[in-house]
Amino acid sequence: MPVDFLEGSDPVVVQSTTMIDTSRNILGWPIKGWSILVAWLVLLLSVDSLIIAINGVTEPLFSQLARFHVRAAFFMFWLAFAASPLAVFFPNRITHRLMAYRPYFGVCFAVAHLAFLFTNIARVPLFYSGKPFDLTGPLNWVLGGSLYVVIIALAVTSFPAPAQRLGNRRWRILHTTGGYLIALTYLNSFGLRALFQAEYIPWAVAVLVLLGLRITLEWKRHSAKLHTVVRECCVRCCGMGGP
Ligand code: HEM
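The sections below set out a description of the structure shown in this document. (Residues numbered from 1 in each chain as written. Predicted model: local features only at pLDDT ≥ 70, side-chain atom pairs only at ≥ 80, totals over all residues.)

### What to know about the site of the ligand
- As a matter of local geometry, the ligand sits amid 19 residues, with Ser-63, Gly-144, Gly-145, Thr-185 and Ser-189 nearest to it.
- Elements represented by at least two residues in the shell around the ligand include exactly α3 (59–89), α5 (102–126), α6 (138–156) and α8 (168–194). (Near = placed C-beta within 6 Å. Helix = DSSP H or I, 4+ residues; strand = E, 2+ residues; numbered from the N terminus.)

Take a look at the structure:
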């Protein structure tokens, strides 16, 4: 049975995790979850084949492939990371389902992002210009590359057995921190491009909406605690009750 990937105790979230068919499973995932992943792989490979058929094996082709993979990954990441606030703020059948399928969207994101990394690695020797860091500087390789450790850790702990070994608290810290790191990297990549190319504005806005949803949820969950801390500070510092 899939692990309860709960980031809070909202009843809507608890209910949504019970909606997936758990009758037959492989590595703790129901067949439905695997079919989403297989359909995603088929879609990625079909679009890759189409791009290759149209362009042939050229440098612009690899650029298109890289952009397609990283944008497809973003789509799945958005669904996975937005599922929890959407289910809390707009409780309905669709958002409950989104919540229940969140682990599968997360792994689809990881697969597409690894395809992006593979495309970027392959294009260096295939179209070698004499400068190994022509396309991506060494710092970007190190910073961007280290994020793949997080992406792989998130994907592996989307399966019940590794998640249970990690424990609920550590699982939540890894997935929440990892999610924010990935969202901020997307904000940096799309945001910087959006400053000069209008094409990227909708992508940057999508990242901002995602971060807005998540931060509003954090605020909702922690505002009572924050109020208590502020009130205690006010009482200690100036003898007043505070807000
Ligand atoms: C070793 C790690 C990485 C390398 C070598 C790398 C390299 C690149 C390159 C070469 C491009 C330009 C593609 C082109 O237009 O031809 C690119 C674009 C981009 N990268 Fe990365 N990247 C890395 C990691 C990441 C990570 C971790 C993220 C996000 C979580 C990310 C997000 C993006 C985005 C959003 C674009 C813009 C794609 C577009 O034009 O739509 N990258 N990256």
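### Quick look at the nonpolar core
- If you look at the biggest cluster of nonpolar residues, it comprises 33 residues, and the most contacted ones within it are Ala-73, Met-76, Phe-77, Phe-109 and Ala-112.
- Listed by contribution, the elements that provide at least two residues to this core are α3, α4 (93–100), α5, α6, α8 and α9 (201–238).
- By residue number, the principal contributor to this core is α3, which donates eleven residues.
- Excluding residues that lie within four positions of it along the chain, Phe-77 makes contacts with Phe-109 and Ile-182. (Core = buried A, V, L, I, M, F, W, Y, C linked by C-beta atoms within 7 Å. Buried ≥ 20, exposed ≤ 12 C-beta atoms within 10 Å, placed from the backbone. Contact = placed C-beta atoms within 7 Å.)

### Section: the environment of Ile-36
- Tracing the backbone through its elements, the reader meets Ile-36 in helix α2 (residues 31–55).
- When the C-alpha positions of Ile-36 and Tyr-101 are compared, they lie 9.0 Å apart, and in sequence the two are 65 residues distant.
- Look past the residues within four positions of Ile-36 in its chain and what remains in contact with it is Tyr-101, Tyr-104 and Cys-108.

### Focus on the packing of α2 against α5
- In the contact formed by α2 and α5, the axes pass within 9 Å of each other and the chain directions differ by 25°. The orientation of α2 relative to α5 falls into the category roughly parallel. The crossing of α2 and α5 is right-handed. In this structure, α2 uses Gly-33, Ile-36, Leu-37, Trp-40, Leu-41 and Leu-44 to contact α5, whose residues at the interface are Tyr-104, Val-107, Cys-108, Val-111, Ala-112 and Ala-115. (Axes fitted to C-alpha atoms, helices over the stretch in contact; angles between N-to-C directions. Parallel < 35°, antiparallel > 145°, perpendicular 65-115°, else oblique. Left-handed = near helix turned anticlockwise from the far one by under 90°.)

### Let's talk about unusual backbone geometry
- Positive phi values are uncommon outside glycine, yet Leu-27 reaches one of about 55°.
- Structurally, the position occupied by Leu-27 is in the loop between β1 (25–26) and β2 (29–30).
- Overall, Leu-27 belongs to the exposed group, with 10 C-beta atoms counted inside 10 Å.

### Re the packing of α6 against α8
- Orientation of α6 relative to α8, taken along the N-to-C sense of each, is 135°, at an axis distance of 10 Å. Taken together, the axes of α6 and α8 lie oblique to each other. When you trace α6 past α8, the crossing you get is left-handed. Two secondary-structure elements touch here, α6 through Leu-147, Val-150, Ala-153 and Leu-154 and α8 through Leu-174, His-175, Gly-178, Leu-181, Ile-182 and Thr-185.
- A breakdown of the residues in the contact of α6 with α8 according to their chemical character gives seven nonpolar, three polar and no charged. (Nonpolar A, V, L, I, M, F, W, Y, C, P; charged D, E, K, R; others polar.)

### A look at α3
- For α3, spanning 31 residues, the distance from its first C-alpha to its last is 44 Å, which sits close to the expected 45 Å at 1.5 Å a residue.
- At Ala-83, α3 is deflected by roughly 50°, the largest bend along its length, and proline Pro-85 occurs up to four residues later in sequence. (Expected span 1.5 Å × (residues − 1). Bend = angle between axes of the 7 residues up to and from the residue.)

In short, geometric facts, not functional conclusions.
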